[in-house]
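# Analysis of the macromolecular model
Listed here are the chains, written in short residue letters.
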There are 2 protein chains.
Amino acid sequence: MKFQAPKGTRDFYPAEMAVRRRIERAWRDASIAFGFDEVDGPTFEHLELYTAKSGEGIVNELFSFRRAGGEDDYALRPEFTPTLARMVAARAAQLPMPVKWFAVPNFFRAERPQRGRLREFFQWNVDLLGAEGPAVDAEVIGVAVSSLERLGLTAKDVRVKISHRVAAAKLVRALGVAEDKVAGAFELLDRRDKMAPDEFTQRAAALGLGGDALARFEGAVRTRVPMSEDPAKLAAVAGIPAEDLAELAALRGAIAAAGLAEWCEFDLGIVRGLAYYTGTVFEIHEASGGERAIAGGGRYDGLVELFGGPKTPAMGFGMGDVVLGLVLADRGLLPKDGAELLPRPDAFVISGGDPAAEAELPRLVAALRKAGLHVRHSYKATRNVGKLLGDASKQRSRFAVILGAEIAQGSVQVKDLASGEQRAMAVGDLLPMLLR
Amino acid sequence: MKFQAPKGTRDFYPAEMAVRRRIERAWRDASIAFGFDEVDGPTFEHLELYTAKSGEGIVNELFSFRRAGGEDDYALRPEFTPTLARMVAARAAQLPMPVKWFAVPNFFRAERPQRGRLREFFQWNVDLLGAEGPAVDAEVIGVAVSSLERLGLTAKDVRVKISHRVAAAKLVRALGVAEDKVAGAFELLDRRDKMAPDEFTQRAAALGLGGDALARFEGAVRTRVPMSEDPAKLAAVAGIPAEDLAELAALRGAIAAAGLAEWCEFDLGIVRGLAYYTGTVFEIHEASGGERAIAGGGRYDGLVELFGGPKTPAMGFGMGDVVLGLVLADRGLLPKDGAELLPRPDAFVISGGDPAAEAELPRLVAALRKAGLHVRHSYKATRNVGKLLGDASKQRSRFAVILGAEIAQGSVQVKDLASGEQRAMAVGDLLPMLLR
């Protein structure tokens, strides 16, 4: 029988797993530096948890199922936010606020796999609930940037593109969109790259954005303003009062104070499809714009309430492993062979075949491992020390420990595999030397 | 709307997550010390991968599903071995042998949840393929023991119970069980605690184990032989030649050489239900026997071949987080509040309300985090330094850094929250002090 992994899923052999762990370590280290605590939830949830947030339309994108003989509909989690909101709502009375949580779960989407998008992927989720204001928004953006910095990316490699739902709403209203069509304008903006220019123009007109207003709208959403410039520039392009973009000005100050200015730019074209965002929204893109978003998130102050909790301000984002992995590989920030990221052995223990050495080998290996060292040995029948030293090097061991007849006198040969230097050593001195 | 986690699954709030990560760290550290590389596979596989190994009977224990509009049947993974065998078979020609892999995935069983058994759980899997012999079996048992030792368990707390399929088969044949009924005898032995004594006696007789043979069989499977004694004792109890248990004698030597003797005992009552084991089998139990097995595994030399690869010797085990967590809690080896296991902040930065301090706080927090430190601050409106120092202590920070008007002269107050000692410090000296 021959079997393959399901379409859109991955087998992680050691080299691929080492890359995944490197990315996860950057996520985890950044989270902890910023004072977030790790959480997780079930891999599958009640299907209604997802339809409650996203409507019935999401069902087609989910892997859903029922236990044989069971009555509940479940779905593999497509994202973390509903689980998070459920968990916060369930303990809202006891949880000390703010809640600062991160998670590194796997998610599932029943879509057609394509570049940067798989059916199972890993995603870092960071959420800060129970606090609000530009400084909190900047702090959440800061943890995302910190993880990228830890992976070797710079402000030249990626751009954090920031908008604000309130400012964007004021913009479209000022340009003539009626209150009840603001959401439609966001949807149109979100989907503008997926439609022909004619269709965009027609739909914009239907929303009240015709002629000059549309030109000013397009001008504003196509203008990117770095943090070195005043976001009032956008108001000028759109021909609206600068006060309408006050939220951006406040964010700019907080971003500068958090040391993030060179990474960020305002981009009113960033919408984030999800309807539940209420304030700051952002996406992180590879600088050339050639890939899908590396990360995306924003402020969603109404969601915990939707899941039965109290009204709770909240800001968070998700960053998946697939696009990030492509960007890192493209920038040469991952080794060609991920196996180079695997932990290196401290010692590779070799017996030359002497009976006393043969008897000592398993004892010495066990003793060194018990002391916490990473110790390997050969499983081959050969006792050719030269060949076995080759294996020790191939396995990237720091030292080789060679056991010969002199083990009867408590002595071993130790070879530093980097320098090639070899010397005799009392077996009792081995452990302290290796632990250094 | 109010939602709950699906039955038999868990929400991991920070305290529970910290416990899970502590267990996973012991698993990972033991794996690496013993020279195993981490792997992972998809969370769901083609359903046939599981029925190929375990027969159609397993379908009722699985969560299985189909993508809407798709034609493939999938199942959430109930164990790792089929994925492992598939991955090894797919790259058998390229993989350097032996393959030493570990994984820490989650698994799913559609069974009724009960103590020690959930519908979603985490399980450490360790497998060594392409090498055989008692020393290899002892090494695999050794990595399991190493993880328990790292968690604080001792040979007094747990017992590694070891049997061997070949020796057990020789025993039952010597007692009169026909060749074609040996598997039936193992099945009976495996299920003997789940049936009334009468039923057991009747079924044993049907297999050829009546009267005196049954008494000798029962005597042998109820006798536990520590490694300090010769397993030939079991042959004597059963009235069979000592040579029939030669596999146990060989294992005994390898276990002693690996320093595991005090943890282990022979127990021919250990069967492991799975039919595919071919040699050594073992289970790790809490010493009183009051819980389900903490771990179980053995040698399965035929499985890679079943999945389309070459004949490959293999030995491995699984250790789940649920029973282990119960045993650790019972022995007082986990804090009452798992939150004690969370990483401690290096610094908690406080502003007393001076405008210069207010402006400096986000900058200082960002700079310290950028240097890799774990830094927190308050989200409260209060600028009462005493109250904020209380919050710093509650969050278990090592130091509090207090920013006042003197920040204009580049000076801050630093309080060691363990000793209570407080002193002024140049802001430039802060980072080197905290990194110490």
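Residues numbered from 1 in each chain as written. Chains lettered and ligands numbered in written order. Predicted model: local features only at pLDDT ≥ 70, side-chain atom pairs only at ≥ 80, totals over all residues.

With that settled, the discussion passes to the sheet that holds strand β18 (residues 422-426) of chain B. Residues and elements named next belong to chain B. Spatial ordering of the open sheet is given by β15-β14-β16-β17-β18, a layout of 5 strands whose pairing is mixed. Each edge of the sheet is formed by a strand with only one pairing partner; in this case those strands are β15 (375-377) and β18. The average undirected angle you get between the axes of adjacent strands in this sheet is 30 degrees. The sheet contact formed by strand β14 (residues 347-351) and strand β16 (residues 399-403) spans 5 bridges and is parallel. Paired with Ala-347 across the bridge in β16 is Phe-399. Of the strands in this sheet, β14, β15 and β16 are in contact with helix α13 (residues 355-370), which crosses β14 at around 165 degrees. Contacting β14, β16 and β17 (411-416), helix α14 (residues 385-394) crosses the sheet at an angle of about 165 degrees to β14. (Pairing = 2+ DSSP bridges. Helix = DSSP H or I, 4+ residues; strand = E, 2+ residues; numbered from the N terminus. Axes fitted to C-alpha atoms, helices over the stretch in contact; angles between N-to-C directions. Contact = placed C-beta atoms within 7 Å.)

All names here are of chain A. It is at 8 Å that the axes of helix α4 (residues 134-150) and helix α10 (residues 246-257) come closest, and there the two elements cross at 55 degrees. Classified by the angle between their axes, α4 and α10 sit oblique to one another. For the pair α4 and α10, the sense of crossing is right-handed. Facing α4, whose interface residues are Pro-134, Ala-135, Asp-137 and Ala-138, α10 presents Ala-250, Leu-251, Gly-253, Ala-254 and Ile-255. Of the residues contributing to the contact of α4 with α10, the split by class is 7 nonpolar, 1 polar and 1 charged. (Parallel < 35°, antiparallel > 145°, perpendicular 65-115°, else oblique. Left-handed = near helix turned anticlockwise from the far one by under 90°. Nonpolar A, V, L, I, M, F, W, Y, C, P; charged D, E, K, R; others polar.)

To continue, consider the relation of the copies chain A and chain B. The two copies are related by a screw motion: chain A maps onto chain B through a turn of 180 degrees and a shift of 0.0 Å along the axis, at an RMSD of 0.1 Å. The relationship between the two copies is best expressed as a two-fold rotation axis. The rotation axis passes nearest to the C-alpha of Phe65(A) in chain A, at a distance of 2.6 Å. (Least-squares fit on C-alpha atoms with pLDDT ≥ 70 in both.)

Looking now at the domain arrangement of chain A. In terms of domains, chain A is made up of domain 1 (14-330) and domain 2 (343-435). Distance between the C-alpha centres of domain 1 of chain A and domain 2 of chain A: 52 Å. (Domains from an automatic or database assignment.)

Let's shift gears to the pairing of strand β5 (residues 99-103) of chain A. Residues and elements named next belong to chain A. Counting buried residues in β5 gives 5 out of 5 residues, a clear majority hidden from the surface. What you see with β5 is no split at all: Val-99, Trp-101 and Ala-103 on one side and Lys-100 and Phe-102 on the other are buried throughout. In this structure, strand β1 (residues 37-38) lies alongside β5, joined through 2 bridges in parallel fashion. Across the sheet, Asp-37 pairs through a bridge with Trp-101, a residue of β5. Bridging between β5 and strand β7 (residues 120-129) involves 5 bridges; their strand directions are antiparallel. Bridged to Trp-101 within β7 is Asp-127. (Buried ≥ 20, exposed ≤ 12 C-beta atoms within 10 Å, placed from the backbone.)

Before going further, it helps to examine the nonpolar core. Ala144(A), Val349(A), Val401(A), Val349(B) and Val401(B) are the most contacted members of the largest nonpolar core, which totals 254 residues. Every residue in contact with Ala144(A), bar those within four places of it in the chain, is listed here: Val126(A), Ile284(A), Ala295(A), Phe317(A) and Met319(A). Membership of the second largest hydrophobic core comes to 24 residues, among which are Phe44(A), Tyr74(A), Phe44(B) and Phe63(B). (Core = buried A, V, L, I, M, F, W, Y, C linked by C-beta atoms within 7 Å.)

Turning our attention to the interface of chain A and chain B. Listed by partner, the interface residues are 67 residues for chain A and 68 residues for chain B. Residues belonging to the side of chain A that touches chain B are distributed by class as follows: 38 nonpolar, 14 polar and 15 charged.

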